[in-house]
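Fold and contact review
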Amino acid sequence: MSNYTIKDFESGMEEELVKVGTEVASKWVWPYQHSLEGFKNIISRPDFDPELLLSCIKDGKIVGYVLAGIGEKSLNRPDLKEDCLYARIFYPRVLPGHENATDLLMEKIIEALQKKDVELVRTRVSSMREGSIQYIERWGFTQNKTYPVGYKLYYNYELSKGKIERTIKDVMEFDKERDLEECITWVAGFFIVSREQAEKYILDINSREDLVSHLVIREEGKLAGYCYACPNSINEKIIASFYIEAINDNYFDQLILQTINASIERYADFFLIDLVYGVRKYEETVKSLGLTKVATWGVFEKSL
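The written sequence of each chain sets the order in which its residues are numbered from 1. Side-chain atom pairs in this predicted model are given and counted only at pLDDT of 80 or more, local residue features only at pLDDT of at least 70, and totals for whole chains, interfaces and linings cover all residues. Processing note: side-chain calculations cover all non-hydrogen atoms of the structure and skip hydrogens and water entirely.

**Examining the pattern of salt bridges**
- Put simply, a salt bridge is a Lys or Arg side-chain nitrogen that is within 4 Å of an Asp or Glu carboxyl oxygen. As enumerated under the stated definition, the model contains 18 salt bridges in all.
- For Asp49, the salt bridge is made with Lys116, and the minimal N-O distance between the two is 2.8 Å. Highlighted residues: Asp49 in the loop between helix 2 (36-44) and strand 2 (53-58) and Lys116 in the loop between helix 3 (101-115) and strand 5 (120-126), separated in sequence by 67 residues.
- For every residue, the accessible area (1.4 Å probe, protein chains only) is compared with the maximum for its type, and the residue is labelled buried under 20%, exposed over 50%, or partly exposed between those bounds. Using a relative accessible area of 23% as the deciding quantity, one classes Lys116 as partly exposed.
- Connected through salt bridges with shared partners, the residues Arg178, Asp179, Glu182 and Arg218 form a single ionic network. Each helix corresponds to a stretch of at least 4 residues labelled H or I by DSSP, and each strand to a stretch of at least 2 residues labelled E; elements are numbered beginning at the N terminus.

Structure representation (structure tokens):
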């Protein structure tokens, strides 16, 4: 461990951090990583603390990093409100061959949070990051009771299996004039954001050049199903539903089927669906379409 040193963030590290994070994530069933623009947004915020973005250095190169945010809201939905100072640790990203650096990063980020009087830390781990659930438990983290392991699931469909032969009769393409207002209501409620934020998100999605599908189902003049799907930002051969919801199994099936067909036409390798919160009720219907569970998620927490 003496070969590694920990360093607070300094301007100019962003590109190397993106490179490290992308390499670590590239083999996951759903690779995700802060983009260069994402890092620049983080470090430009008035409340950004360079002592909470730590890099692990060996031979002058970054081999891993960890990020934490005090008051970070992304794991703090309304039913997780705390009356103490709370922080989120974004699980460390460490290059292959440098796994021992993970312990050092965890140790130092927890020390940094303790010095800032943080009382509770939370982190989110997934089985697609091999050993991460067992690792975080060894650090004394326990499952959050509201969002334990399994609260969020990834199901995958290998597109080489071809189209699924079932009827798709109710799906229509999204129409801004007809559908936007109702879609805003659905998206704002799901992600717990303002209507303005939801509208921007939907319109940004609708204008993406790589948009795979943007679909609605209507019943008696009202929105009854809605989804949109795009490729992964690191691996465009993986396509996922970034949002999907419907009022019943039949409509949910049709949205998935149409998106799988569109993904096949893009010559992608996999279609992935994220089952979380209210959408978990459709797990059995997703299985019936031949999708396979490939990852489970859990939120863990620790009092400092």
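Still to come is the rest of the account.
**A short note on the nonpolar core**
- Take the buried residues of types Ala, Val, Leu, Ile, Met, Phe, Trp, Tyr and Cys, join any two whose side-chain atoms come within 4.5 Å, and each joined set is a nonpolar core. In terms of nonpolar packing, the biggest core is built from 104 residues, with Ile89, Tyr226, Phe252, Ile256, Phe271, Ile273 and Leu291 touching the most fellow members.
- With eight residues, helix 3 is the largest single contributor of residues to this core.
- Discounting residues that sit within four places of it in the chain, Phe271 has contacts with Tyr155, Asn156, Tyr157, Leu159, Ile239, Ala240, Ser241, Ile256, Thr259, Ile260, Ser263 and Leu291. Contacts were defined at the residue level, with two residues in contact if any of their heavy atoms lie within 4.5 Å.

**Focus: helix 1 (residues 14-25)**
- An expected span of 1.5 Å times one less than the residue number is assigned to each helix. The terminal C-alpha atoms of helix 1, which comprises 12 residues, lie 16 Å apart, in line with the 16 Å expected from a rise of 1.5 Å per residue.
- In this structure, the buried residues of helix 1 make contact with helix 2, strand 2, strand 3 (61-70) and strand 4 (86-94).

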